[in-house]
Amino acid sequence: MGRRLRVEADGGSRGNPGVAGYGALVRDRASGALLVELAAPLGKASNNVAEYRGMIAGLEAVLRIDPSADVEVAMDSKLVVEQMSGRWKIKHADMRALALTARDLLADITQAGGSVRFTWIPRAQNGDADALSNRGMDGDHVADWHDGAASEDVSASAQAPDAGVGLSPEDLEPTRDTDQLPVRPPRREGEPTRVVLVRHGVTDFTLEARLDGRGGADPALAPRGHDQAEAAARGVRALVGDAESVVISSSLRRARETAEHVADALGVTPVQVADWDEQSFGEWDGASVGELVAADAAGFAALRDDPAFAPPGGESHEELTTRVLAAWEAVVARGGTVVVVCHRKPILVVLAHVLGIPHDRIWRLAGAPGSLTAVEAWPGGEAVVAFTNRT
C-alpha cells in the first residue's frame, strides 16, 4: 500500500443544466499537505455530470501521484457517493457512462495495490472543492501541482480553441447532460463518411486487467465478451438500418470475433485491416497492471503519459497513432457507412485526432467493452462526433 490520499471533489451548474464546471483537489492524509488543485469549465451540463467529472479528475490525479495509494474520496453529493459505493442504481445513461469511466480508474488503482472508498461530507466541509468548481464555472482551467510538479493556472482564453469556436450561437444546441457541442458542421461539399467504431467484447485478459496488444497472446472472447459483441451487433444494426455498410476489424482474435457478430447482423463479410490492431506492448504483454507497477512504476507511468515511450520490444503511442490515422484516413476516403471493430487505444487515437484532444487528456474518454462510438467525417479533417461509449 502506498500513500494515504484524500480526494475532495465538487461540481456545479448555473441553471441545471446550465453553465457548468468542476473542481477537485488531492491532499496527503498523513501530513495534510495539499498536492494538487484542479478545475475546468464543462460548457452546458447538469450538476450531477459536473460532480462526476470532478470526482474523475481527482482519481486521475491520484494515478499520477501514487497509483497504489489508499484513497478516500470525500464529496457532498449523496448521489455520486451512493452510486459509486454500489448502493444506488444508476439509471441515467450519461451517469452510467461517467461511472464506467470512474470504475476504470478505480480498477487501475486496485490493480496497482491501492484502494478507494467514498465518503459523504456536509457541504460546509467541502468548501475548497466548491470554490474550485466555481472557478470552473467562471471559465478558468486550473491545474496547480504543489508536490514538485509544474503548475498551470490559466484562464479559458489561454486554452486551445474549443470544438465550437468559429460557430455562431445558433449552431450550438445543448445535448442532454453533456457538454454543449456543435451538432451540425459548417456547410461543406458532399456527404460525410459515417463511421461506427466498436470496441471488442471482453477476454479473460480484459477481466484480469492484463495488457493484451498486437503480437501478444491474442486470446479469444470470453463468454461475457460474446454477449457484449451480440449486444453491440444489435446496436449497430439499429443505428445503420438497411444502409449499405462495410465492416472492418483489426487482425486480433477478439476484434475478429466481435466483428463476426456485427457482420452477421448486417449481412456482410468482415474485412481485416491490421493497422487497427491494439498497441504492441512487447515484453509487457500479458502482465497485469499491478505486476507492472510493482516491477517498474516509472515505466508504467511513462506508458500512460509519454507518447514517445515504448515498452521493451513494443510500440510507442506515437507509432500506434501513425498507423491508426493512416487506417482512419482510408476509411474516411471510402465514403458511405463503415463499421470498424477494434480496440480502446485506436478508438482514443481517432477521437483525440478529430477533437484535437492533447495526449494528457485522452484517458478522460471512456470506452467500455462492446461500446459504440459514432463519427461523421469528411476528407480534409472535418468531423462531428455524434456520441461515444454507447452500450
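These remarks concern the structure in this document. None of the values given here were measured: they were computed from a predicted structure.

### Some details on helix α10 (residues 344-355)
Here's step 1: Relative to the 16 Å expected for twelve residues at 1.5 Å per residue, α10 spans 16 Å between its end C-alpha atoms, a close match to the ideal helical length.
Here's step 2: Of all twelve residues that make up α10, ten are buried, and the element is covered over most of its length.
Here's step 3: Where α10 is concerned, the buried positions are Arg 344, Lys 345, Pro 346, Ile 347, Leu 348, Val 349, Val 350, Leu 351, Ala 352 and Val 354.
Here's step 4: Elements that come into contact with the buried residues of α10 comprise α3 (93-111), β10 (193-199), α9 (317-334), β13 (337-342), β14 (372-377) and β15 (383-390).

### A few points about the packing of aromatic side chains
Two numbers describe a pair of aromatic rings. These are the distance of the centres and the angle of the planes.
Here's step 1: On inspection of all chains with the given rule, the structure shows one aromatic pair.
Here's step 2: Pairing Trp 284 with Phe 309 gives two aromatic rings, centres 5.8 Å apart and planes at 40°, and the pair type is tilted. Of this pair, Trp 284 sits in the loop between β12 (271-272) and α8 (289-305) while Phe 309 sits in the loop between α8 and α9, and the two are 25 residues apart along the sequence.
Here's step 3: On the basis of relative accessible area, Phe 309 is assigned to the partly exposed category, the value being 22%.
Here's step 4: One residue, Arg 64, lies across the ring of Trp 145, its end atom 4.3 Å from the ring centre.

### Things to note about unusual backbone geometry
Here's step 1: Positive phi, close to 55°, is recorded for Ala 209, a residue that is not glycine.
Here's step 2: When you line up the elements, Ala 209 lands in the loop between α5 (204-207) and α6 (223-240).
Here's step 3: Its identity as a non-glycine residue notwithstanding, Asn 389 has a phi of 55°, on the positive side.
Here's step 4: Mapped onto the elements, Asn 389 comes out in strand β15.
Here's step 5: The buried category is assigned to Asn 389, whose relative accessible area is 6%.

### Some thoughts on the pairing of strand β4 (residues 70-75)
Two faces, one strand: in a regular strand the side chains alternate between the faces of the sheet.
Here's step 1: Where burial is concerned, most of β4 is hidden: six out of the six residues are buried.
Here's step 2: Side chains Asp 70, Glu 72 and Ala 74 project from β4 onto one buried face, and the interleaved Val 71, Val 73 and Met 75 project onto a second face that is buried too.
Here's step 3: Bridge count between strand β1 (residues 4-14) and β4: five bridges; the pairing is parallel. Looking across to β4, one finds that Arg 4 is bridged to Asp 70.
Here's step 4: Relative to strand β5 (residues 115-120), β4 runs parallel, the two sharing six bridges. Across the sheet, the residue bridging to Ala 74 is Thr 119, located in β5.

### Let's talk about the environment of Ala 9
Here's step 1: In this structure, Ala 9 sits in strand β1.
Here's step 2: Its relative accessible area of 1% is what places Ala 9 among the buried residues.
Here's step 3: Each C-alpha atom, one on Ala 9 and one on Arg 53, is 8.7 Å from the other, the two residues being 44 residues apart in sequence.
Here's step 4: Look past the residues within four positions of Ala 9 in its chain and what remains in contact with it is Gly 23, Ala 24, Gly 54, Met 55, Ala 74, Met 75, Asn 126 and Ala 129.

### Considerations on the packing of α3 against α8
Here's step 1: Taken N-terminus to C-terminus, the directions of α3 and α8 make an angle of 125°; their axes are 10 Å apart at the nearest point. As the angle between them shows, α3 and α8 are arranged oblique. On α8, the residues touching Leu 105, Asp 108 and Gln 111 of α3 are Val 289, Gly 290 and Arg 304.

### Observations regarding the nonpolar core
Here's step 1: Core analysis: the biggest nonpolar cluster contains 42 residues, and Val 26, Tyr 52, Met 55, Leu 59, Val 73 and Met 84 have the highest contact counts within it.
Here's step 2: Of all the secondary structure elements, the ones that give two or more residues to this core are β1, β2 (18-28), β3 (34-45), α1 (47-65), β4, α2 (78-84), α3 and β6 (140-145).
Here's step 3: Considering every element that reaches this core, the biggest residue donor is α1, with eleven residues.
Here's step 4: Contacts of Val 26, omitting those with residues within four sequence positions, involve Leu 5, Arg 6, Val 7, Ala 33, Leu 34, Leu 35, Val 36, Gly 58, Ala 61, Val 62 and Ile 65.
Here's step 5: Val 195, Leu 325, Ala 327 and Cys 342 belong to the second-largest nonpolar core, a separate cluster that totals 27 residues.

### Here we look at the pattern of salt bridges
Here's step 1: The full count for this structure, using the stated rule, is 26 salt bridges.
Here's step 2: Of the charged contacts, one joins Asp 212 and Arg 254 as a salt bridge, the two residues approaching to 2.9 Å between their closest N and O atoms. Linking Asp 212 in the loop between α5 and α6 with Arg 254 in helix α7 (residues 253-266), this pair joins segments that are 42 residues apart in sequence.
Here's step 3: Assessed through its relative accessible area of 2%, Arg 254 is described here as buried.
Here's step 4: Here the residues in one salt-bridge network are Arg 6, Glu 8, Arg 27, Glu 72 and Asp 128, joined through shared partners.

### Here we look at the side chain of Asp 66
Here's step 1: Mapping Asp 66 onto the fold places it in the loop between α1 and β4.
Here's step 2: One buried charged residue, Asp 66, remains without a salt bridge, the closest side chain of opposite sign being Arg 3 at 5.4 Å.
Here's step 3: Those residues in contact with Asp 66, other than ones at most four positions away along the chain, are Gly 2 and Arg 3.

### A short note on a negative patch on the surface
Here's step 1: Negative charge collects at one region of the surface, where Asp 305, Asp 306, Glu 318, Glu 319 and Asp 360 lie side by side.
Here's step 2: Among the secondary structure elements, Asp 306 is positioned in the loop between α8 and α9.

Parameters at a glance
- Residues numbered from 1 in each chain as written.
- Predicted model: local features only at pLDDT ≥ 70, side-chain atom pairs only at ≥ 80, totals over all residues.
- Heavy atoms only, no water.
- Helix = DSSP H or I, 4+ residues; strand = E, 2+ residues; numbered from the N terminus.
- Expected span 1.5 Å × (residues − 1).
- Buried < 20%, exposed > 50% of the residue type's maximum accessible area, 1.4 Å probe, protein only.
- Contact = heavy atoms within 4.5 Å.
- Phe/Tyr/Trp six-rings, centres within 6.5 Å; stacked < 30°, edge-to-face > 60°.
- Lys NZ or Arg CZ within 6 Å of the ring centre and 35° of its normal.
- Pairing = 2+ DSSP bridges.
- Axes fitted to C-alpha atoms, helices over the stretch in contact; angles between N-to-C directions.
- Parallel < 35°, antiparallel > 145°, perpendicular 65-115°, else oblique.
- Core = buried A, V, L, I, M, F, W, Y, C linked by side-chain atoms within 4.5 Å.
- Salt bridge = Lys/Arg side-chain N within 4 Å of Asp/Glu carboxyl O.
- Lys, Arg positive; Asp, Glu negative; His and termini not counted.
- Patch = residues over 30% accessible without salt bridge, like charges linked within 9 Å, V, L, I, M, F, W, Y side chains within 5 Å.
- Areas by Shrake-Rupley, 256 points an atom, 1.4 Å probe, with all protein chains shown as cover.
- Charge placed at Lys NZ, Arg CZ, Asp CG, Glu CD.

Keep in mind these values describe shape, not function.
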